[in-house]
Amino acid sequence: MVAQGFTVDLNKPLVFQVGHLGEAYEEWVHQPIVTKEGPRFFQSNFWEFLTLTRWWVVPVIWFPVAVWCISKSVIMGLSLPEIVPLIALGIFIWTFIEYTLHRFLFHIKTKSYWGNTAHYLLHGCHHKHPMDHLRLVFPPAATAVLCFPFWNLVKLFATPSTTPALFGGGMLGYVMYDITHYYLHHAQPSRAVTKNLKKYHLNHHFRIQDKGFGITSSLWDIVFGTLPTTKAPKREQ
């Protein structure tokens, strides 16, 4: 049952509270609280620990995995001219996966108790606390679980020798995505390209949250018509 008029207590673990918001969850989760320190998720210290990840953990763990995968294709006999396009294709495919997941899964609308709870854990927490520096990149345990279906998906379309390089390229794309995402939230870019990318992403958080789903680029927003407008819509007189 959804408690009518339920109010979330930010001083208590949040995960099992947000489900009670029901239909009000969508509005609540998109009213950001801008602090670097995030809320507590779980009463259990063990489960709480699994939700906390420093940004550098992502390249430390997953960059070597990507290199190892690519090396497997080299060992299987692929040459450098064959490897490089596979890596580039993997990175390119990742940009599409990045966009698709963000638009259709991370921004799915929910109102049931468990739907709200799952969404908050997956992405809602990031919109509610966009500057939480320990919950900005994806936890390694969750990434490891997702690696298995993605690996098997690549195997369906690639040969045994090209699968590791293609998957490794996708993994490199993921590493660049998570590092870029953290950078856009917490760095102060000095170059035009990164300044514009930061503005583009923060626009998604604080202005038009149903547009601008690309993180590393706006390519797929352009392709699928989800590019945000440059100006806020004019109010009727």
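Above: the structure in question.
Residues numbered from 1 in each chain as written. Predicted model: local features only at pLDDT ≥ 70, side-chain atom pairs only at ≥ 80, totals over all residues. Heavy atoms only, no water.

Caption draft 1: How the structure looks around the overall build of the chain. The secondary structure content of the chain amounts to nine helices and zero strands. Shown N-terminal to C-terminal, the secondary structure of the chain runs as helices and strands in the order α-α-α-α-α-α-α-α-α. Its C-alpha radius of gyration of 20 Å places the chain within 12% of the 18 Å reference for a compact globule of 237 residues. Each principal axis of the C-alpha atoms in the chain carries an extent, and together these give about 65 × 50 × 35 Å. Out of the 237 residues belonging to the chain, those deemed buried represent 44%. In the structure as shown, the chain presents an accessible area of about 13,800 Å², 68% of it carried by carbon and sulfur atoms. (Helix = DSSP H or I, 4+ residues; strand = E, 2+ residues; numbered from the N terminus. Rg over C-alpha atoms; globule rule 2.2 N^0.38 Å. Buried < 20%, exposed > 50% of the residue type's maximum accessible area, 1.4 Å probe, protein only. Areas by Shrake-Rupley, 256 points an atom, 1.4 Å probe, with all protein chains shown as cover.)

Caption draft 2: Region of the structure containing the nonpolar core. Counting residues in hydrophobic clusters, the biggest one holds 28 residues, and the most contacted among them are Val 58, Trp 62, Ile 83, Phe 167, Met 171 and Tyr 174. For this core, the secondary-structure elements that each account for two or more residues are α3 (57–75), α4 (80–105), α6 (140–157) and α7 (163–186). Looking at this core, the element that brings in the most residues is α7, giving ten residues. For Met 171, the contacting residues outside a window of four places in its chain are Trp 62, Ala 66 and Cys 147. Within the second largest apolar cluster, twelve residues are counted, among which are Val 15, Tyr 25, Tyr 120 and Cys 125. (Core = buried A, V, L, I, M, F, W, Y, C linked by side-chain atoms within 4.5 Å. Contact = heavy atoms within 4.5 Å.)

Caption draft 3: Structural context of the pattern of salt bridges. By the definition in use, this model includes five salt bridges. Asp 9 is paired through a salt bridge with Lys 12; the nearest N and O atoms lie 4.0 Å apart. Two residues, Arg 135 and Asp 132, come together in a salt bridge whose shortest N-O distance is 3.1 Å. Because the salt bridges share partners, they merge into one network encompassing Glu 48, Asp 132 and Arg 135. (Salt bridge = Lys/Arg side-chain N within 4 Å of Asp/Glu carboxyl O.)

Caption draft 4: Highlighting α7. Between the first and last C-alpha of α7 there are 35 Å, a value that for 24 residues agrees with the 34 Å anticipated at 1.5 Å per step. Burial runs high along α7: 20 of the 24 residues are buried. (Expected span 1.5 Å × (residues − 1).)

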